[in-house]
Amino acid sequence: MALVPFPNSQSGALQLPPDEDDDNPAAGKMSFLEHLDELRKRIVNSAIAIGVCVVLGFAFINRIVDFILAPTRGALPPGVKMIYTEPGEAFSLYIQISLIMGVVLAAPFIMYQVWMFIAPGLYSNEKRLAVPFVLFTTIGFIAGAAFNHYIAFPFMMAFFASFNTPDLAFMPKLDDVFGLYTKMLLGMGVVFQMPTVVFFLAKMKMITARFLIVNFKYAFLIIFVVAAVITPTGDLMTQVIFASPMVALYFLR
């Protein structure tokens, strides 16, 4: 590049013109291969963290299993226990719970790795929104998981157990109970993202409080349609359990 004299307004001396890349957001970005190498490093770090946390979770597996199955045990009639009918069913449950706990425990570190991968390509205003987005979605998922464990799932299991009679024995299968618990946990985690979605839509000036109130009748219909889609069972009771918190969260704007 040729050296072109550029006057200095303060000293009158000559200097080089400013680098055009200083204001160019694309300047200094990595090549495609460097992006792949960076992605590989972040994935490896996350996998190592998950592996360590799986081992840590397996060390407390009995307490974790007791905690997860507590709502079902509380709903069972006196003297009734859960059953498993396949030789490897209980062992498979322990492994699944260990893997899930590994991902849950390693989630903060995984999110940090994701942030370190995408942060260099974000503008400053996007970075300011990214941190609260991750924080709010995490809090929302934890709140949904807690609501499922302490309110929704125990209520649903108590409802199903109420059909137990001298002629009908309620003896839930271990794998079925855990499968339903997991689906409801994920579903409630999604449901409790509503405040976050509404908050960021409001920040982007796409919706207002007046808009939400005026269109509540349409939102009510959409909520029950969504509840019917994400509910793990086809019964009306489970659909109402999913729709009720969405209606309540709709007004948390």
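Residues numbered from 1 in each chain as written. Predicted model: local features only at pLDDT ≥ 70, side-chain atom pairs only at ≥ 80, totals over all residues. Heavy atoms only, no water.

Engineer: Mind laying out the layout of surface pockets, listing which residues take part and the relevant values?
Structural biologist: The computed volume of the largest pocket comes to approximately 1200 Å³. Counting only elements with at least two residues in the lining of the largest pocket, the list comes to helix H2 (61-75), helix H3 (89-118), helix H4 (124-161) and helix H5 (174-191). Classifying every residue of the lining of the largest pocket gives 30 nonpolar, six polar and no charged. Met194, Val198, Ala219, Ile222 and Tyr250 are, among the 18 residues lining the second largest pocket, the residues nearest its centre. Listing elements by their share of the lining of the second largest pocket, those giving two or more residues are H5, helix H6 (194-203), helix H7 (209-214), helix H8 (216-230) and helix H9 (236-250). When its residues are assigned to classes, the lining of the second largest pocket shows 17 nonpolar, one polar and no charged. (1 Å grid on protein atoms, 1.4 Å probe; cavity = no way out; pocket = protein on both sides within 12 Å on 5 of 7 lines; lining within 4 Å. Points joined across faces, edges and corners; volume = space filled by probe spheres on them. Helix = DSSP H or I, 4+ residues; strand = E, 2+ residues; numbered from the N terminus. Nonpolar A, V, L, I, M, F, W, Y, C, P; charged D, E, K, R; others polar.)

Engineer: So what's going on with H5? Residues and values would help.
Structural biologist: For H5, with 18 residues, the first-to-last C-alpha span of 26 Å sits near the 26 Å given by 1.5 Å per residue. Three or more residues of H5 are buried, namely Leu174, Val177, Phe178, Leu180, Tyr181, Met184, Leu185, Gly187, Met188, Gly189 and Val191. (Expected span 1.5 Å × (residues − 1). Buried < 20%, exposed > 50% of the residue type's maximum accessible area, 1.4 Å probe, protein only.)

Engineer: Describe the packing of H2 against H5, with residues and values.
Structural biologist: In a packed pair of helices, the relevant descriptors are the angle between the two axes and the axis-to-axis distance. It is at 11 Å that the axes of H2 and H5 come closest, and there the two elements cross at 105 degrees. One element, H2, and the other, H5, form an angle in the roughly perpendicular class. Together, Ile68, Leu69 and Thr72 of H2 and Leu174, Val177, Phe178 and Tyr181 of H5 make up the contact between the two elements. Here the residues of the contact of H2 with H5 sort into six nonpolar, one polar and no charged. (Axes fitted to C-alpha atoms, helices over the stretch in contact; angles between N-to-C directions. Parallel < 35°, antiparallel > 145°, perpendicular 65-115°, else oblique. Contact = heavy atoms within 4.5 Å.)

Engineer: Pulling in residues and values, what's your account of the packing of aromatic side chains?
Structural biologist: Tallied over the entire structure, the rule returns seven aromatic pairs. Geometrically, the ring pair formed by Phe147 and Phe192 is tilted, given 5.5 Å between the ring centres and 45 degrees between the ring planes. Remark: Phe192 occurs in the loop between H5 and H6 and Phe147 occurs in helix H4; sequence separation between them is 45 residues. Centroid distance Phe153 to Tyr181: 5.2 Å. Interplanar angle 90 degrees. Geometry classified as edge-to-face. Pair noted here: Phe153 is in helix H4 and Tyr181 is in helix H5, with a separation of 28 residues, a long-range link. (Phe/Tyr/Trp six-rings, centres within 6.5 Å; stacked < 30°, edge-to-face > 60°.)

Engineer: Run through the side chain of Ser46, naming residues and quoting values.
Structural biologist: Here Ser46 lies in helix H1 (residues 32-59). When its relative accessible area of 11% is taken as the criterion, Ser46 is described as buried. When near neighbours in sequence (up to four residues on either side) are disregarded, Ser46 contacts Phe109, Ile110 and Gln113.

Engineer: Kindly report on the pattern of salt bridges, identifying the contributing residues and their values.
Structural biologist: Within the structure shown, the criterion is met by five salt bridges. Among the ionic pairs, Glu38 bridges to Arg42, the shortest N-O distance being 2.7 Å. Remark: Arg42 and Glu38 occur in helix H1; sequence separation between them is four residues, near one turn of the helix. Close ionic contact of Lys173 with Glu89 constitutes a salt bridge, the shortest N to O distance being 3.2 Å. With a gap of 84 residues between them, Lys173 in the loop between H4 and H5 and Glu89 in helix H3 connect regions that are remote in the sequence. Note on Lys173: relative accessible area 21%, which makes it partly exposed. (Salt bridge = Lys/Arg side-chain N within 4 Å of Asp/Glu carboxyl O.)

Keep in mind these numbers describe shape, not what the thing actually does.
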